[in-house]
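Residue-level listing of the chains:
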Amino acid sequence: MLHPSTHTSVATNNGAPTNSPIPSYLQADNLGPWGNYLQQVDRVVPYLGHLGRWADTLKRPKRILVVDVPIHLDNGTIAHFEGYRVQHNTSRGPGKGGVRFHQDVTLSEVMALSAWMSIKNAAVNVPYGGAKGGIRVDPKSLSMGELERMTRRYTSEIGIIIGPTKDIPAPDVNTNEQIMAWMMDTYSMNEGATATGVVTGKPIHLGGSLGRKDATGRGVFTVGVEAAKHIGLDIKGARIAVQGFGNVGGVAGRLFTEAGAKVVAVQDHGGTIYKAGGLNVPALLKHVAETGSAANFAGAEVLKNELFWEVDCDILIPAALESQITATNAGKIKAKMVIEGANGPTTPAADDILQERGVLVLPDVIANAGGVTVSYFEWVQDFSSFFWDEDEINARLVKIMKDAFAGVWAVAEEHKVSLRTATFIVACKRILHARELRGLYP
Ligand code: GLU
């Protein structure tokens, strides 16, 4: 386990100790998503008032765990995978955030994702800090048995820092309710007691919550509708382009279509499809469920991937991976509004270009917070062993998203800043206020 704050050489400043030097893996240069996150924090420090003295807390994850995950493959050989769990901050409550399985996962990426969870959880005011985990693996290359063994070994390895009151994982890219069931079972077997509250996003029959599957997409839709009112955009007839048509983009696409919008373009790992009059979303969802991608969808035009960003549309929903909207394509975006279903899809340089061009960006840390909000409901239901109906869950979700969005909008107006900076101001103040109240121990 690496503790950034216990770096050995402590420099002195006129005899007074200073911070230990920032370890290389925490610095902004060439660190991809973590570098982007550090720039986002720097932009809010001037707005933090006296809490600014605690701001370094936000730039150093509390705890980083890197684990070796060895498993027996079906062919009798042994494979090793690299796993991570990062607890960025626990000032407001236990760590909380998903686990992703992807061949490109890195420590720096998981650090950024854990930090964005701290901001997101504080922005919607659920009583959690921020955490994230991942394994550097292409899960499609594993059999079901290998996937289960890898998930269980990873859970055992990170079992020393997770738990219902310590850090609660959930699904993220390429993980689902079956993987959460295996994680819950493994943790419970090691503890000698069934602990449903150790993960969220579980199957309904194992302490999962109604409404959790659609929650992130429903949150994206809810804030999108609220923001559209502010800029006079009619959802009826609005043209939408969606990147990633899975649990987030697919659900958001469905809800916007039900509200009268048209999904004109979809991009995923299989390519880019386009139809000016609007794609048949229910049929496309069925096609994606059957084939694993939007590619080869009957009746749609195929576009070159780079042309996706130039599609004539009103709303753009990046709902895949980080750093998709960059200085290279931000100038070409025609949408009036970008709703970030993914975590970290827009780089700080692209943010500036979009703001200059008057494109409204609804940042990830508020726009995709619906998932963790219903995770919170699931955790509360598990603790009380009393389960709510779906209408109640959706109504509570919509209220939290609308209230949080209204608060952030007001802060953006007050300080004349972007919605991202406004969300960071609200969230960082909550986190650092808790930090200050708790004080330092010893
Ligand atoms: N992985 C989701 C996110 O990025 C949900 C996390 C959770 O429910 O803990 O927000």
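Because the structure is a prediction, the values reported are computed rather than measured.

What counts and how
- Residues numbered from 1 in each chain as written.
- Predicted model: local features only at pLDDT ≥ 70, side-chain atom pairs only at ≥ 80, totals over all residues.
- Heavy atoms only, no water.
- Helix = DSSP H or I, 4+ residues; strand = E, 2+ residues; numbered from the N terminus.
- Rg over C-alpha atoms; globule rule 2.2 N^0.38 Å.
- Buried < 20%, exposed > 50% of the residue type's maximum accessible area, 1.4 Å probe, protein only.
- Phe/Tyr/Trp six-rings, centres within 6.5 Å; stacked < 30°, edge-to-face > 60°.
- Near = heavy atom within 4 Å.
- Polar contact = N/O pair within 3.5 Å; in protein donor to acceptor, adjacent residues only side chain to side chain.
- Areas by Shrake-Rupley, 256 points an atom, 1.4 Å probe, with all protein chains shown as cover.
- Nonpolar A, V, L, I, M, F, W, Y, C, P; charged D, E, K, R; others polar.
- Axes fitted to C-alpha atoms, helices over the stretch in contact; angles between N-to-C directions.
- Parallel < 35°, antiparallel > 145°, perpendicular 65-115°, else oblique.
- Left-handed = near helix turned anticlockwise from the far one by under 90°.
- Contact = heavy atoms within 4.5 Å.
- Core = buried A, V, L, I, M, F, W, Y, C linked by side-chain atoms within 4.5 Å.
- Pairing = 2+ DSSP bridges.
- Salt bridge = Lys/Arg side-chain N within 4 Å of Asp/Glu carboxyl O.

Asks: Honestly, the overall build of the protein in this entry has me stumped. Any pointers?
Replies: Looking only at helices and strands, one finds 12 helices and 15 strands in the protein. What you see for the protein is a C-alpha radius of gyration of 21 Å, in line with the 22 Å of a compact globule of 442 residues. For the protein, the spread of C-alpha atoms along the three principal axes comes to 65 × 55 × 45 Å. Taking all 442 residues of the protein together, 57% fall into the buried category.

Asks: Even after reading the chapter, I still don't get the packing of aromatic side chains, so can you show me in this structure?
Replies: The description of two aromatic rings rests on the distance between their centres and on the angle between their planes. Applying the stated criterion across every chain yields a total of 11 aromatic pairs. Taken together, a centroid distance of 5.1 Å and an interplanar angle of 35° make the contact between W34 and Y37 tilted. Taken as a pair, W34 and Y37 lie in helix α1 (residues 33-44) at a separation of 3 residues, close to a single helical turn. Accessibility assignment for this pair places W34 and Y37 in one class, buried.

Asks: Can you walk me through the site of the ligand in this structure?
Replies: Around the ligand lies a shell of 14 residues, among which K96, K120, P171, D172 and S375 are the nearest. Contact distances for the ligand include 3.1 Å between an oxygen atom and a side-chain N or O atom of K132. The protein chains hide 95% of the 300 Å² of surface that the ligand would expose on its own. Secondary-structure elements contributing two or more residues to the shell around the ligand are α2 (107-123) and α10 (370-384). Looking at the shell around the ligand element by element, the count peaks at 3 residues for α10. Partitioned by chemical class, the residues of the shell around the ligand number 4 nonpolar, 5 polar and 5 charged.

Asks: Teacher, can you tell me more about the packing of helix α5 (residues 212-230) against helix α6 (residues 249-258) here?
Replies: Axis angle and axis distance: for two packed helices, these are the angle between their axes and the distance between the axes, and together they describe the pair. Contact pair α5 / α6: the axes reach a minimum separation of 7 Å and the direction vectors enclose 45°. When the interaxial angle is binned, α5 and α6 end up oblique. Crossing geometry of α5 relative to α6 is assigned as right-handed. Contacts from D214, G217, R218, V220, F221, G224 and V225 in α5 reach V251, A252, R254, L255 and F256 in α6. Here the residues of the contact of α5 with α6 sort into 7 nonpolar, 2 polar and 3 charged.

Asks: In this structure, what is going on with the nonpolar core? I would like to understand it.
Replies: A general tendency of soluble globular proteins is for nonpolar side chains to be buried together. Among the nonpolar cores identified, the biggest contains 91 residues, and Y37, I315, I317, I339 and L362 are the most heavily contacted of them. In terms of residue count, the dominant contributor to this core is α2 (10 residues). If we ignore the near neighbours within four places in the chain, the residues touching L362 are V223, G224, A227, M337, V338, I339, E340, A367, F405 and L419. Counting 26 residues, the second largest nonpolar core, distinct from the first, contains A79, V137, L142 and W182.

Asks: Please clarify how the packing of α5 against helix α11 (residues 390-415) should be interpreted in this entry.
Replies: Contact geometry for α5 and α11: axes closest at 10 Å, N-to-C directions at 45°. When the axis of α5 is compared with that of α11, the two are oblique. Of the two possible hands of crossing, α5 and α11 adopt the one that is right-handed. Here α5 contributes A215, R218, G219, T222, V223, E226, A227 and H230 to the contact with α11, which in turn contributes N394, L397, V398, M401, K402, F405 and W409.

Asks: Quick question: what am I supposed to make of the sheet that holds strand β15 (residues 360-362) here?
Replies: Across the sheet, which stays open at both edges, the 7 strands sit in the order β12-β11-β10-β9-β13-β14-β15 with mixed pairing between neighbours. Both outer strands of the open sheet, β12 (301-303) and β15, are each paired with one neighbouring strand and no more. The sheet shows a mean angle of 20° between the axes of neighbouring strands, direction not considered. The pairing of strand β9 (residues 239-243) with strand β10 (residues 262-268) spans 5 bridges and is classified as parallel. Opposite Q243, over in β10, you have Q267 as the bridge partner.

Asks: Teacher, can you tell me more about the pattern of salt bridges here?
Replies: Close approach of charged atoms lets side chains of opposite charge pair. Inspection of the entire model under this criterion finds 26 salt bridges. Salt-bridge contacts for K59 lead to D42; the nearest nitrogen and oxygen are separated by 2.7 Å. Pair noted here: K59 is in the loop between α1 and β3 (63-72) and D42 is in helix α1, with a separation of 17 residues, a long-range link. We classify D42 as partly exposed; its relative accessible area is 41%. Connected through shared salt-bridge partners, R100, E109, K132, D172 and E322 make up one network.

Asks: Explanation requested: the pairing of β3 in the structure shown.
Replies: The two faces of a sheet get side chains in turn, since along a regular strand they alternate between them. Pairing of β3 with strand β4 (residues 78-89), which is carried by 10 bridges, proceeds in the antiparallel orientation. By the bridge assignment for β4, V66 is matched with Y84. Between β3 and β4, which pair antiparallel in sequence order, lie 5 residues; one of them, G76, sits at a positive phi of approximately 95°.

Asks: What exactly am I supposed to notice about unusual backbone geometry here?
Replies: Geometrically, the link from Y441 to P442 is a cis peptide bond, its omega value of 0° lying close to zero. Not every positive phi belongs to a glycine, and N125 is a case in point at roughly 60°. The partly exposed category is assigned to N125, whose relative accessible area is 46%. Positive phi, close to 50°, is recorded for S385, a residue that is not glycine. For S385, the location among the structural elements is in the loop between α10 and α11. Classification of S385 as exposed rests on a relative accessible area of 58%.

The quantities given are spatial measurements derived from coordinates; they are silent on function.
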